[in-house]
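Chain and residue survey
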Amino acid sequence: MIFDAILEPFAHAARVITDRLHNGSMARYLAIATLTILAAGYFAYGTGTHSPGTRTLTPIEPVPAVGWLLLVGSTAALFAYHRNRLLALVLVGVIGLMVSVGFVYLSAPDLALTQISVEVATVILLLLALNFLPKQSPVESSTGRRTRDGLIAAAAGIGIGALIYALMMRDFAFSPISEFHLANSKPGGGGTNVVNVILVDFRGYDTFGEIIVLGIAGLVIYALVEALLRGGPANDRLLAWVPDQKRAGDRHPLMLVVATRMILPIAIMVGAYIFLRGHNEPGGGFIAGLVVAIATVMQYMASGFGWAAARQRIDYHALIGWGVTIAGLCGVGSWFASRPFLSSNFGYFKLPFIEKFELATAAIFDVGVFLTVVGAVMLALASISRIAIRAGETVNAEPFDIQPDEVPASKGAR
Amino acid sequence: MEFLVASAVGMMTACGIYLILRKRTFPVIVGLAMLTYAVNVFIFASGRLTIGLPPIITHNPEGYTDPLTQALVLTAIVISFGMTAVIVMMALGSFLETGDDNIGMEEDRETPAKPQEGAE
């Protein structure tokens, strides 16, 4: 009796608190998490000590200032117009572009190349998804709630902005490991692009894990689509799908079809070039993989899913598998030289008529990265496209809507 | 320049947080994408800003920018694409299964805030 009497109020209080906090609304959880992080950060700021900023400000040139204006302007516009989803997507594209331009200005060419190619893939992905999602977000929250969310967001933004500003104005407290990387990149890793050498050599194990994650993400998307297209409410809904937007009359415009096919070999060549120079100049497996994947996606977009799928010789699953396997075997290979997993080696070779060139085992690892990136990106985008086919989107058996080689029989077929 | 980068990071974070507090899947996805940009630029900027000194070893260097944060962010960008693709697929799947793109659970939907007429 006494035990119950003591316990009951606690149980009741616990239930009240849990029901209040845990009402199944994701927005509420996220708001609570944001506020908690903010409070912890503010507490740390209030109780900790910090030295004054000693670094001098980098000067602001007019052109970067215009870039900043575009970035901040589109972010503000996204805040205001996020209900119009297509417009939101355009604004995200502008923001991504400005971020990548910012990277190239702030001495990060590799990041800029990666960001801009990921940007293309992300926008294509979101467009494919938006084809099925509603094009507008309804106004659901009350003004009070929107104000509250706005205040939380503003507090978080000011906090993060102040934190990074304070960080950038101070020197490193300890000497960073980057100096080791810069000093050992050429003598130890054999490459002059330090970022790429870190990726495929110094931190190769980390990259190995990351390509596995990327491969898993691609396979998860494939599995999700498979599950959706099996009989069930989603499948029924797709079979009864009525497009809510007007369709373009000419789905595969002749100009686009011809242009993308002409560009494909050039794009593959650019991909190979970016891959090969990656060890010494901006580039590498990640960027080359993205470039090749986008060039391939362009074929799907221009010529249609059916046409492209009929000419696809390599399974994307296999690409992911081979990528991870090659990267893993490259790591295992170093055991035979009695060195730790994923150690790399390099040497300089001379062939007649061309300059002395360098070959590194890290390049084999980079091939693995390349294959996984191509496989995962293609599998993700191609899987989402399959939903459209189930929704009754017809597939062109022929590459063009208009057949340029269809000549009247009297003149004789080709 | 530091001020511009810091304010841009703050602005993108604020926009991302605001959007992930919405009730529909698409704004939440866009909000997560905005947070990805903010976090990537944050990590990149924690290597301090330098202009015109890419970490490519040359013969006559004036020094280089910090390569490590760049390597970390490079993989983060690619991984975040994979993660975005997964949540997009999950959002699409839930919309097709239920005919609704609300992210809350059932209890949350029973008491939706009243949409206000004429409100933005």
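Here goes a summary of the coordinates provided. Being a predicted model, the structure only gives us computed values, none of them experimental.

Rules used in this analysis
- Residues numbered from 1 in each chain as written.
- Chains lettered and ligands numbered in written order.
- Predicted model: local features only at pLDDT ≥ 70, side-chain atom pairs only at ≥ 80, totals over all residues.
- Heavy atoms only, no water.
- Phe/Tyr/Trp six-rings, centres within 6.5 Å; stacked < 30°, edge-to-face > 60°.
- Helix = DSSP H or I, 4+ residues; strand = E, 2+ residues; numbered from the N terminus.
- Buried < 20%, exposed > 50% of the residue type's maximum accessible area, 1.4 Å probe, protein only.
- Lys NZ or Arg CZ within 6 Å of the ring centre and 35° of its normal.
- Contact = heavy atoms within 4.5 Å.
- Buried area = accessible area lost by both parts, 1.4 Å probe.
- Salt bridge = Lys/Arg side-chain N within 4 Å of Asp/Glu carboxyl O.
- Polar contact = N/O pair within 3.5 Å; in protein donor to acceptor, adjacent residues only side chain to side chain.
- Nonpolar A, V, L, I, M, F, W, Y, C, P; charged D, E, K, R; others polar.
- Expected span 1.5 Å × (residues − 1).
- Arc of directions from axis to C-beta.

The next point concerns the packing of aromatic side chains. By the definition in use, this model includes ten aromatic pairs over all chains. Each ring, one from Phe 180 of chain A and one from Phe 202 of chain A, has its centre 5.8 Å from the other, and the planes form 50°; the classification is tilted. One end of the pair, Phe 180 of chain A, is in helix α7 (residues 178-189); the other, Phe 202 of chain A, is in helix α8 (residues 194-202), and 22 residues separate them in sequence. Accessibility expressed as a relative area gives 27% for Phe 202 of chain A, which makes it partly exposed. Aromatic side chains Phe 208 of chain A and Phe 341 of chain A sit 6.0 Å apart centroid to centroid with 65° between the ring planes, which places their arrangement in the edge-to-face category. Of this pair, Phe 208 of chain A sits in helix α9 (residues 204-229) while Phe 341 of chain A sits in the loop between α14 (316-336) and β1 (346-349), and the two are 133 residues apart along the sequence. Here Phe 208 of chain A falls in the buried class, since its relative accessible area comes to 13%. Residue classification places Phe 341 of chain A among the partly exposed positions, given a relative accessible area of 25%. Taken together, the ring pairs in this structure connect Tyr 205, Phe 208, Trp 335 and Phe 341 of chain A into an aromatic cluster. Positioned above the aromatic ring of Tyr 18 of chain B, the side-chain terminus of Arg 22 of chain B is 4.2 Å from the ring centre.

Moving on, we get to the interface of chain B and chain A. Facing the 90 residues of chain B at the interface are 114 residues of chain A. Across the chain B/chain A interface, buried area totals approximately 9500 Å², and carbon plus sulfur atoms make up 75% of it. Considering only the side of chain B, the residues that lose the most area to chain A are Phe 26, Arg 48 and Phe 81 of chain B, jointly responsible for 9% of the buried surface there. Viewed at the interface, chain A and chain B are joined by three salt bridges. Residue Arg 24 of chain B pairs with Glu 140 of chain A through a salt bridge whose shortest N-O separation is 2.8 Å. Taken together, the links from chain B to chain A amount to 22 residue pairs in polar contact (both at pLDDT 80 or more). At the level of secondary structure, the elements contributing two or more residues to the side of chain B that touches chain A comprise α1 (2-20), α2 (25-45), α3 (67-98) and α4 (106-110) of chain B. A total of 27 residues in the side of chain B that touches chain A trace back to one element, the largest contributor, which is α3 of chain B. Residue classes in the side of chain B that touches chain A are distributed as 59 nonpolar, 19 polar and twelve charged.

Each full turn of the α-helix corresponds to 3.6 residues, which orients residues three or four apart in the same direction. For helix α2 (residues 26-47) of chain A, with 22 residues, the first-to-last C-alpha span of 32 Å sits near the 32 Å given by 1.5 Å per residue. Every buried residue belonging to α2 of chain A is among Ala 27, Ala 31 and Thr 34 of chain A, and all of these are buried. Taken around the axis of α2 of chain A, the buried residues stretch over an arc of 65°, which confines them to a single face. Away from the buried face of α2 of chain A by more than 90 degrees, exposed residues Ile 37, Phe 43 and Thr 47 of chain A are located. Where α2 of chain A is buried, its residues contact α6 (143-168) of chain A together with α1 of chain B.

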